[in-house]
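Analysis of the macromolecular model
Each chain, written out:
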Amino acid sequence: MNDTHEQTVAWTGTDGVRRKFVFEPDEAGEYWRVEYEQLGVTWRQVGREPVEDVAIDTGGGETATESAVSFYRGP
């Protein structure tokens, strides 16, 4: 992915816990997928792994790979 912006996907599980994946760029142009759980008003990191490529499918028939994607579908 050529975009150097952080990408975030967040959701609330059926257990009521708020979680998010953050795809963070590093200095080498690679990305890390960092997983967080929300505890009150703070986020706790619960996992991390390097990823080779980031593509976000928004369900609209296109995959975003070059620009920031932001949308919210909720109540």
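Please refer to the structure higher up on the page.
The present account deals with the structure reproduced in this document. (Residues numbered from 1 in each chain as written. Predicted model: local features only at pLDDT ≥ 70, side-chain atom pairs only at ≥ 80, totals over all residues. Heavy atoms only, no water.)

1. Notes on the overall build of the protein chain
Across its full length, the protein chain holds zero helices and six strands. Secondary structure of the protein chain in N-to-C order comes out as β-β-β-β-β-β. When the 75 residues of the protein chain are sorted by exposure, 27% land in the buried category. For the protein chain, the proportion of contacts with a sequence separation of at least 24, taken over those separated by at least 6, is 19%. Accessible surface, the protein chain: about 5500 Å² in total, of which carbon and sulfur atoms supply 47%. (Helix = DSSP H or I, 4+ residues; strand = E, 2+ residues; numbered from the N terminus. Buried < 20%, exposed > 50% of the residue type's maximum accessible area, 1.4 Å probe, protein only. Contact = heavy atoms within 4.5 Å. Areas by Shrake-Rupley, 256 points an atom, 1.4 Å probe, with all protein chains shown as cover.)

2. With respect to the packing of aromatic side chains
If you walk through the whole model with that rule in mind, you get one aromatic pair. Note on W11 and F21: the rings are 5.0 Å apart at their centroids and 65° apart in plane angle, and the pair reads as edge-to-face. Here W11 is found in strand β1 (residues 7–12), whereas its partner F21 is found in strand β2 (residues 18–25), with ten residues between them in sequence. Assessed through its relative accessible area of 25%, F21 is described here as partly exposed. Just above the ring of Y36 sits the side chain of K20; from NZ or CZ to the centre is 5.4 Å. One residue, K20, lies across the ring of W43, its end atom 4.3 Å from the ring centre. (Phe/Tyr/Trp six-rings, centres within 6.5 Å; stacked < 30°, edge-to-face > 60°. Lys NZ or Arg CZ within 6 Å of the ring centre and 35° of its normal.)

3. Overview of the sheet that holds strand β3 (residues 31–39)
The strands making up a sheet associate through backbone hydrogen bonding, with each pair oriented either parallel or antiparallel. Pairing in this open sheet of four strands is antiparallel, and the strands run β1-β2-β3-β4 from one edge to the other. Two strands lie at the open edges of the sheet, namely β1 and β4 (42–51), each paired on one side alone. Neighbour-to-neighbour, the strand axes of this sheet turn through a mean angle of 20°, independent of strand direction. Here β3 runs beside β4; their pairing, made up of nine bridges, is antiparallel. (Pairing = 2+ DSSP bridges. Axes fitted to C-alpha atoms, helices over the stretch in contact; angles between N-to-C directions.)

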